[in-house]
Amino acid sequence: MMRSHSLRHLTATTTTISSPSWLPKFRSSSGSALASLSFAQNPQENQQQQQKQQTQQKIYCDSSNDDKKSDSNRASSYFPKRGQELELVCESLAYKGKGVCKVADTGFVVLCDRVLPGEKFIGRVTRKKGSYAEMTKLKTLSPHWDSVDAPCEYASYCGGCKTQNLSYEAQLRAKEGQVRDLVVHVGKFSDKDPEFAGIMKPIVPCDIQFHYRNKMEFSFGPKRWFPKESLPKRGDHIENYALGLHAPGFFDKVLNIDKCLLQSEPANLVLAAVQDYWRDPQLGLSPYDVHSHSGFLKHLMLRTGSDVKTGLPELMVNFVTSSYKPELLRPLVEKISSVPEVVSIMNNVNTSVGNTSVGEEEYTLYGKSNITETLRGLTFQISANSFFQTNTHQR
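Residues numbered from 1 in each chain as written. Predicted model: local features only at pLDDT ≥ 70, side-chain atom pairs only at ≥ 80, totals over all residues. Heavy atoms only, no water.

**Student:** Any chance you could explain the packing of aromatic side chains here in plain terms?
**Tutor:** Two measures describe an aromatic ring pair: the distance that separates the ring centres and the angle between the ring planes. Considering all chains together, one arrives at 5 aromatic pairs under this definition. Relative to Phe108, the ring of Phe79 lies with its centre 5.1 Å away and its plane at 65 degrees, an arrangement referred to as edge-to-face. Pair noted here: Phe79 is in the loop between helix 2 (69-76) and strand 1 (85-93) and Phe108 is in the loop between strand 2 (99-102) and strand 3 (109-112), with a separation of 29 residues, a long-range link. The class for Phe108 is buried, based on a relative accessible area of 2%. Both rings, one in Tyr241 and one in Trp278, keep their centres 5.7 Å apart while their planes meet at 15 degrees; by these two values the pair is stacked. Highlighted residues: Tyr241 in the loop between strand 6 (215-221) and strand 7 (242-246) and Trp278 in the loop between helix 5 (265-277) and strand 9 (297-306), separated in sequence by 37 residues. Looking at Tyr241, the relative accessible area reads 29%, which means it is partly exposed. Trp278 gets classed as buried once you look at its relative accessible area, which sits at 0%. Among the aromatic residues, those joined into a ring-pair cluster are Phe220, Tyr241 and Trp278. Above the face of the Phe250 ring, Lys253 is positioned so that its terminal group lies 4.2 Å from the ring centre. Taking NZ or CZ as reference, Lys298 lies 4.4 Å from the ring centre of Tyr288, over its face. (Phe/Tyr/Trp six-rings, centres within 6.5 Å; stacked < 30°, edge-to-face > 60°. Helix = DSSP H or I, 4+ residues; strand = E, 2+ residues; numbered from the N terminus. Buried < 20%, exposed > 50% of the residue type's maximum accessible area, 1.4 Å probe, protein only. Lys NZ or Arg CZ within 6 Å of the ring centre and 35° of its normal.)

**Student:** It is not clear to me how the confidence of the model for the protein should be interpreted in this structure. Could you clarify?
**Tutor:** Per-residue pLDDT for the protein averages 82, and the proportion of residues at 70 or more is 78%. Under a pLDDT of 50 for its full length, residues 1-46 has, in the predicted model, 90 contacts with residues more than four places off or in other chains. (pLDDT = per-residue confidence, 0-100. Contact = heavy atoms within 4.5 Å.)

**Student:** Help me out: how do you make sense of the sheet that holds strand 4 (residues 120-129) in this one?
**Tutor:** Within a sheet, neighbouring strands are paired by backbone hydrogen bonds and run either parallel or antiparallel to one another. The mixed closed barrel is built from 5 strands, whose spatial order is 1-2-3-5-4. Strand-to-strand twist of the sheet, defined as the mean angle between neighbouring strand axes without regard to direction, takes the value 50 degrees. Of the pairings in the sheet, the one linking strand 3 to strand 5 (residues 132-142) comprises 4 bridges and is parallel in character. Residue pairing in the sheet places Cys112 in a bridge with Met135 of strand 5. (Pairing = 2+ DSSP bridges. Axes fitted to C-alpha atoms, helices over the stretch in contact; angles between N-to-C directions.)

**Student:** Is there a simple way to explain the environment of Cys161 in this structure?
**Tutor:** Within the secondary structure layout, Cys161 lies in the loop between strand 5 and helix 3 (168-186). For the pair Cys161 and Gly97, spaced 64 residues apart in sequence, the C-alpha to C-alpha distance is 9.3 Å.

**Student:** Looking at this structure, how should I read the side chain of Asn385?
**Tutor:** Take Asn385: it is sitting in the segment after strand 14 (378-382). Residue Asn385 is classed as buried on the basis of its relative accessible area of 17%. One polar contact links Asn385 to Asn348, side chain to side chain, over a distance of 2.8 Å. (Polar contact = N/O pair within 3.5 Å; in protein donor to acceptor, adjacent residues only side chain to side chain.)

**Student:** It is not clear to me how the sheet that holds strand 11 (residues 342-349) should be interpreted in this structure. Could you clarify?
**Tutor:** In space, the 7 strands of this open sheet follow the order 8-7-6-9-10-11-12, with mixed pairing throughout. Edge strands, defined here as strands with exactly one partner in the open sheet, are strand 8 (254-256) and strand 12 (361-367). The average angle at which neighbouring strand axes cross in this sheet is 30 degrees, direction not considered. Inspection of the sheet shows strand 9 paired to strand 10 (residues 313-321) by 9 bridges, in the antiparallel sense. Looking at strand 10, one finds that Leu300 is bridged to Phe319. Contacts between helix 6 (residues 326-336) and the sheet are confined to strand 9, strand 10, strand 11 and strand 12, with strand 10 contributing the most and set at about 160 degrees to the helix.

**Student:** I would appreciate a short explanation of the nonpolar core in the present structure.
**Tutor:** Across soluble globular proteins, you tend to see nonpolar side chains buried next to one another. Among the nonpolar cores identified, the biggest contains 39 residues, and Phe218, Val270, Leu300, Val317 and Phe319 are the most heavily contacted of them. Elements with a contribution of two residues or more to this core: strand 6, strand 7, helix 5, strand 9, strand 10, helix 6 and strand 11. For this core, the element with the highest residue contribution is helix 5, accounting for 5 residues. Setting aside chain neighbours within four positions, we find Leu300 in contact with Met216, Glu217, Phe218, Phe220, Leu243, Leu271, Val274, Val317, Asn318 and Phe319. Of all hydrophobic cores here, the second largest spans 13 residues; its members include Cys90, Val103, Cys112 and Met135. (Core = buried A, V, L, I, M, F, W, Y, C linked by side-chain atoms within 4.5 Å.)

**Student:** Sorry if this is basic, but what is going on with the pattern of salt bridges here?
**Tutor:** Two side chains carrying opposite charge are able to pair once their charged atoms lie near each other. Enumeration over the complete set of coordinates arrives at 10 salt bridges. Put simply, Lys120 and Glu87 hold a salt bridge, and the shortest N to O gap is 3.2 Å. In this pair, Lys120 sits in strand 4 while Glu87 sits in strand 1, placing the two residues 33 residues apart along the sequence. Assessed through its relative accessible area of 49%, Glu87 is described here as partly exposed. For Lys368, the salt bridge identified is with Glu314, shortest N-O distance 3.4 Å. (Salt bridge = Lys/Arg side-chain N within 4 Å of Asp/Glu carboxyl O.)

**Student:** What should I look at first to understand the environment of Arg376 in this one?
**Tutor:** Relative to the elements of secondary structure, Arg376 occurs in the loop between strand 13 (371-375) and strand 14. Sequence-wise, Arg376 and Arg395 are 19 residues apart; in three dimensions their C-alpha atoms are separated by 9.9 Å.

**Student:** Looking at this structure, how should I read helix 5?
**Tutor:** Structurally, the α-helix is built with 3.6 residues per turn, so residues lying three or four positions apart point the same way. In this model helix 5 runs 19 Å from its N-terminal to its C-terminal C-alpha over 13 residues, within 8% of the 18 Å that 1.5 Å per residue would give. Among all positions of helix 5, only Pro266, Ala267, Asn268, Val270, Leu271, Ala273, Val274 and Gln275 are buried. (Expected span 1.5 Å × (residues − 1).)

**Student:** It is not clear to me how the packing of helix 5 against helix 6 should be interpreted in this structure. Could you clarify?
**Tutor:** What describes two packed helices is the angle between their axes and the distance between those same axes. The geometry of helix 5 relative to helix 6 is characterised by a closest axis approach of 10 Å and an angle of 140 degrees between their N-to-C directions. Here helix 5 lies oblique to helix 6, going by the angle between them. Crossing of helix 5 over helix 6 shows right-handed handedness. Contacts between helix 5 and helix 6 pair Val270, Ala273, Val274 and Tyr277 from the former with Pro331, Leu332, Lys335 and Ile336 from the latter. (Parallel < 35°, antiparallel > 145°, perpendicular 65-115°, else oblique. Left-handed = near helix turned anticlockwise from the far one by under 90°.)

Take a look at the structure:
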């Protein structure tokens, strides 16, 4: 096998897209709505995500002060204690879908996860951060506006789609509001300026809310994570090994996932095939333990492209392992290569103690080393570690 460099390139004819002159330093995600937000599963993205979150949270706190000076004065004299329980109503959504709430008669801002606009609830203060606090929801007193049933069974736990029970139209309004706040409070554009409507364009909705994502990365773990309401009872037989997505806020806990509504149907077929087979003791496969730094399987990455000639889906499967042992992967390769859409099976080897999905070495176990996608007349060759916008249809 040929050894490849750790930095791979996405090959295509170079096209330059100019940024709007009115906002040279402003950048915004082009995803369609909160339901189409990317999973922050790659540890390399965490620092950037945290910086964005801190900026967005500051915006909401600052906007409260800008809009209501009297509330700001009262808020400065009020600060809830850690562990204090409060009854609040969610007013809007901040970055990453956190609910923005204000303590009655003070205007003090509190951010709470898993609450939605209009929802009345009781929460407990967990953290204090300067001019605002964070809390955990304990109980819902009255439901939120624009409520819908979340189609995914994992939506309440995995953290990637926690606004699935909010209508798509409401998600669009929330995300447009977030971008508007960035333009006004960070970009310093006045929304009272007659020309603002020409600067702040309406959000463009996506007509596909599910199965739109062309890349998903799942993690292997030695001990699966259960939400409190789903904890197994004493004496129940449980399978400890997990393959899925990290529990929100934990790098070492994995929620087992059998099907993800964000990725393509062929990708779900491969995920199901791997789930059905990889735990067989006769295969001798073990998940990587981020604490003991032992184990073989680190990640399963699934990428969906399309055949240039037929337009039909083509799938790349990438196993990220701690060492190069192709004989251990051979049974899995034989099983998943039977899925018609699978045209590439790769093995990235990451020998470091870090749990990233980019390896120092890359091997082709089956088929070709890349998949293709066509965009605006250009054909892109996408390797296992290429960067490519994840929502092909909306792009």
